[in-house]
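# Architecture and fold: a report
Listed below are the residues making up each chain.
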Number of protein chains: 2
Amino acid sequence: MLIDTSLHHLDISHIRSSCATCSLRELCLPVGLNDQEIQVLGDVVSHKRKIQRGGYLHRSGSQFQSLFAIRSGFLKTCVLEEDGRQQVTGFHMTGELLGLDAISTDTHTCDAIALEDSEVCEIPFAKLEEISRTIPSLMRHFHKIMSREIVRDHGVMLLLGSMKAEERLASFLLNLSRRFLMRGYSESEFNLRMTREEIGSYLGLKLETVSRAFSKLQDENIITVDNKHIQINDIARLRLKMGNSSCIT
Amino acid sequence: MLIDTSLHHLDISHIRSSCATCSLRELCLPVGLNDQEIQVLGDVVSHKRKIQRGGYLHRSGSQFQSLFAIRSGFLKTCVLEEDGRQQVTGFHMTGELLGLDAISTDTHTCDAIALEDSEVCEIPFAKLEEISRTIPSLMRHFHKIMSREIVRDHGVMLLLGSMKAEERLASFLLNLSRRFLMRGYSESEFNLRMTREEIGSYLGLKLETVSRAFSKLQDENIITVDNKHIQINDIARLRLKMGNSSCIT
DNA sequence: TGTTAATTTTGATTCAGATCAATTAAAGCG
DNA sequence: CGCTTTAATTGATCTGAATCAAAATTAACA
């Protein structure tokens, strides 16, 4: 099966450009730009914003003006169901771009909530479109970012449509692992920022099922779970877990 | 719940521009362009291609050069799993744009297969990017199309993550209904182009479950099913079916 | 720091959908 | 046109995850 281990994020693995505007350095946008172009982009991306844990970056239904590039922290995006419960559509970390869904109708289609104190750069979209006309490589890169989001969503669709609980959790952990690795953190040991319920909501599972899947993976010595702290003991076997959804049953 | 009834397509409901290049008239791209701009776009979109029922428009892994706008027909996109079975990621009809997922890596990430004889316009992506630099409204519209695809995918993710079989099928039928209506066909009566297995693959269900869900909806007099021919008798109740996923159980 | 609230784990039970199996219907095709 | 293949329906049974329930652990905060 061709499921992407990276579920739902925007890749920054290839960020290499040295960049005068410090706020831009760690973001996904300035890839491959020269100093002068980064200057132009920097003028657009100047405005920063802090969001406390639990705070909203934007709400579903609010007017769309800007994309947000995460400078630090960790956020979830979710839609509120009419009965008050919420469905998580993604988890987002440093370097990733939020708000792509809002371009279509100039209205945000989901809430973005900080799971820890976070900092974002606001990128007025009209200005981004404008300068991307004069910087082809920026336009091209932006298109790739949007496209990548589509590919990732297809990966999640596949996961939700065809994997069972344990496989979904394995995919999820491997995805986080990879994203932490890309950012220079340990791929085998990290702290979850979200609750079991939020994981379950994202993976289409109930929180009890998530908890049981964690316990099962621990019993098999593939991971060690201490509440939010996760240690991956055998990444190869974890990959096997999710890779054989339709083979081993 | 905020699930979009439109699962997975690119909206052409607002196509109004009178257009010299006949091949462009029914497509989603030329929205809001003047005649001169349409001329420019037309030069890019000239190349047409026919695909027979069962034929491939593109294959997963093949190099990306062009987007494809569907002029007529009906296609599915799917990824092949290692065991040979395939997972359907979308159904696509006239006016919709295929290939957005391939922009990210310059490689197609899925197969596109015609479910009936179809005709597409090839749109070399490099050229599209180039002329969109000089036609801001085209660029803006293209971004909206990509964004809409992301929103739709989120809708499918929600569907797969939180709806049960009957609700999924109701969503699916309402989505098709709306897309047929937009194209000037009946919203209450249409022929399915895909098999129960393909529907199941798309909805994360087994074909038997799809069949049973059809039968159930028919027993309730909400729809009438005659193999591939579907008649929606009570669209309001069908909407109710999918709207109350978490309320009525 | 102690008290309350939220989160997590684990067990028992239930149920929706998968799987297995057989029949019927439709579509290709020589 | 009849024969073969593919697709669809329906029934019986099984199973993975949901649900219900309770205890244990952790976090929040006054």
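Residues numbered from 1 in each chain as written. Chains lettered and ligands numbered in written order. Predicted model: local features only at pLDDT ≥ 70, side-chain atom pairs only at ≥ 80, totals over all residues. Heavy atoms only, no water.

### Things to note about the domain arrangement of chain A
Residue and element names in this part refer to chain A. As far as domains go, chain A holds domain 1 (12-154) and domain 2 (163-240). Taken over C-alpha atoms, the centre of domain 1 sits 25 Å from the centre of domain 2. Counting residues at the interface gives 17 residues for domain 1, matched by 13 residues for domain 2. Carbon and sulfur atoms supply 57% of the area that domain 1 and domain 2 bury against each other, a total of about 1,400 Å² over both sides. Among the residues domain 1 hides against domain 2, the three largest losses belong to Phe74, Phe91 and Met93. Together they make up 40% of the total. Across the domain 1-domain 2 interface, the total number found is four salt bridges. Note that Glu96 and Arg179 form a salt bridge whose closest N and O atoms lie 3.2 Å from each other. Our count for the contact surface shared by domain 1 and domain 2 stands at eight residue pairs in polar contact (both at pLDDT 80 or more). (Domains from an automatic or database assignment. Contact = heavy atoms within 4.5 Å. Buried area = accessible area lost by both parts, 1.4 Å probe. Salt bridge = Lys/Arg side-chain N within 4 Å of Asp/Glu carboxyl O. Polar contact = N/O pair within 3.5 Å; in protein donor to acceptor, adjacent residues only side chain to side chain.)

### Some thoughts on the protein's contact with DNA strand D
What surrounds DNA strand D is a group of 19 residues, the closest being Lys164(A), Ala165(A), Thr209(A), Arg196(B) and Ser215(B). For DNA strand D, the backbone makes up 68% of the atoms found within 4 Å of the protein, where backbone means sugar plus phosphate. The side chain of Glu208(A) places a nitrogen or oxygen atom 3.4 Å from a base nitrogen of DNA strand D. Interatomic distance of 2.6 Å between a side-chain N/O atom of Ser215(B) and a phosphate oxygen of DNA strand D. Elements represented by at least two residues in the surface near DNA strand D include exactly α7 (207-219) of chain A together with α7 (207-219) of chain B. Among the elements that make up the surface near DNA strand D, the one with the highest residue count is α7(B) (five residues). (Near = heavy atom within 4 Å. Helix = DSSP H or I, 4+ residues; strand = E, 2+ residues; numbered from the N terminus.)

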